[in-house]
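# Structural features, examined
This is what each chain is made of:
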Amino acid sequence: MSQQQTIVNIQHVSYRYEKENVLEDINLSINKGAFLGIVGPNGSGKSTLLKLILGLIKPQTGEIQLFGEDITRFREWQKLGYVSQKANSFNTGFPATIFEVVASGLTKKIGMFRRLSKGDRQKVVNAIKIVGMEAFLHQNIGELSGGQQQRVFIARALVSEPELLILDEPTVGVDAKNVASFYELLYQLNKQQGITMLLVTHDIGAISDKVTHVACLNKNLHFHGETLEFEQLKLGEMNEFYGHDIHVLSHDHVHTGGTNR
Ligand SMILES: Nc1ncnc2c1ncn2[C@@H]1O[C@H](COP(=O)(O)OP(=O)(O)OP(=O)(O)O)[C@@H](O)[C@H]1O
Ligand SMILES: [Mg+2]
């Protein structure tokens, strides 16, 4: 591989919705191939940081570069895939098949899938295969379990073949057994397809054997480094950061036997 490419570069970024900053002087860079887990208490600015990276909001201070280009000039948005924190509140009563939901990642509109080219249809099927949901192609999204639906939302984000996949707490409502295989899927996407991953999670203990880097956010960036370094942080420091007791450091309670390969 050639020189490490910086996919996201955030410099001195502050952001406020109203008077007070919710993010303050954030400096963070993510290299190609990294799997970054972002942790932090509720309201610490995690979703806001993702929205800044996605260009949905603009920082009042600081600069952001995506793929080496200033975000204000960046146009290759298909290189970014996004699964929002609210993906799991998607109206699953809506009569759409798995194929249609994933195709909407290309057309942005469910129901427009009839206009897809043959090549696009193939892309949709491929994305569904990657997440292991091909047996459900024509099934209704509402008939799937929470964990299966999350896989479909990942496929929808993958269909445009992104180089960076951004996920905001994608496992809310997914049970422990399915969470493990869901994280295994993310791990495979990172390892095998080389997709750079940015994951907001409250579940860092379950995923610390999968992420390459960890960032701890609470308005400021309290820590950013390799996972090993993170694990060596004293538990006391983490409790101080969260303001309550948490269980972050053990990942041996997770089985990643890969029932869903
Ligand atoms: N649209 C908005 N308008 C005003 N304030 C907002 C808006 N969105 C978020 N905030 C505030 O900004 C702060 C950071 O919110 P954000 O959603 O980024 O937190 P988070 O770390 O993602 O939290 P959670 O873990 O609950 O998802 C919070 O204090 C929140 O109330
Ligand atoms: Mg959030």
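Report on the accompanying structure. (Residues numbered from 1 in each chain as written. Chains lettered and ligands numbered in written order. Predicted model: local features only at pLDDT ≥ 70, side-chain atom pairs only at ≥ 80, totals over all residues. Heavy atoms only, no water.)

## Concerning the sheet that holds strand 1 (residues 6–16)
Across the sheet, which stays open at both edges, the four strands sit in the order 2-1-4-5 with antiparallel pairing between neighbours. Either end of the sheet is taken by a strand with one partner, and the two such strands are strand 2 (21–31) and strand 5 (69–70). (Pairing = 2+ DSSP bridges. Helix = DSSP H or I, 4+ residues; strand = E, 2+ residues; numbered from the N terminus.)

## Quick word on helix 5 (residues 176–192)
Over its 17 residues, helix 5 extends 24 Å from the first C-alpha to the last, a length consistent with the 24 Å expected when each residue adds 1.5 Å. Of the surrounding elements, those touching the buried residues of helix 5 are strand 3 (35–39), helix 3 (118–130), helix 4 (146–158), strand 7 (164–168), strand 8 (196–200) and helix 6 (204–207). Just past helix 5, the residue Gly194 takes up positive phi, approximately 70°. (Expected span 1.5 Å × (residues − 1). Contact = heavy atoms within 4.5 Å.)

## Some words on the sheet that holds strand 6 (residues 80–83)
Adjacent strands of a sheet form backbone hydrogen bonds with each other and so pair up, either parallel or antiparallel. The sheet built from six strands is open, its strands ordered 6-7-8-3-9-10 with mixed pairing. In the strand order of this sheet, the two ends are held by strand 6 and strand 10 (220–226), each with one partner. On average, each strand axis in the sheet is tilted by 15° relative to the strand beside it, whichever way the strands run. Pairing of strand 6 with strand 7 involves four bridges; the strand directions are parallel. Its bridge partner lying in strand 7, Leu80 is registered against Leu164. Packed on one face of the sheet, helix 1 (residues 46–53) meets strand 3, strand 6, strand 7, strand 8 and strand 9 (213–218) and runs near 150° to strand 7. (Axes fitted to C-alpha atoms, helices over the stretch in contact; angles between N-to-C directions.)

## Side note on the environment of Gly105
Examined against the element boundaries, Gly105 turns out to sit in helix 2 (residues 98–107). For the pair Gly105 and Gln78, spaced 27 residues apart in the sequence, the C-alpha separation amounts to 10.0 Å. Apart from residues lying up to four places away in sequence, Gly105 is in contact with Arg156 and Val159.

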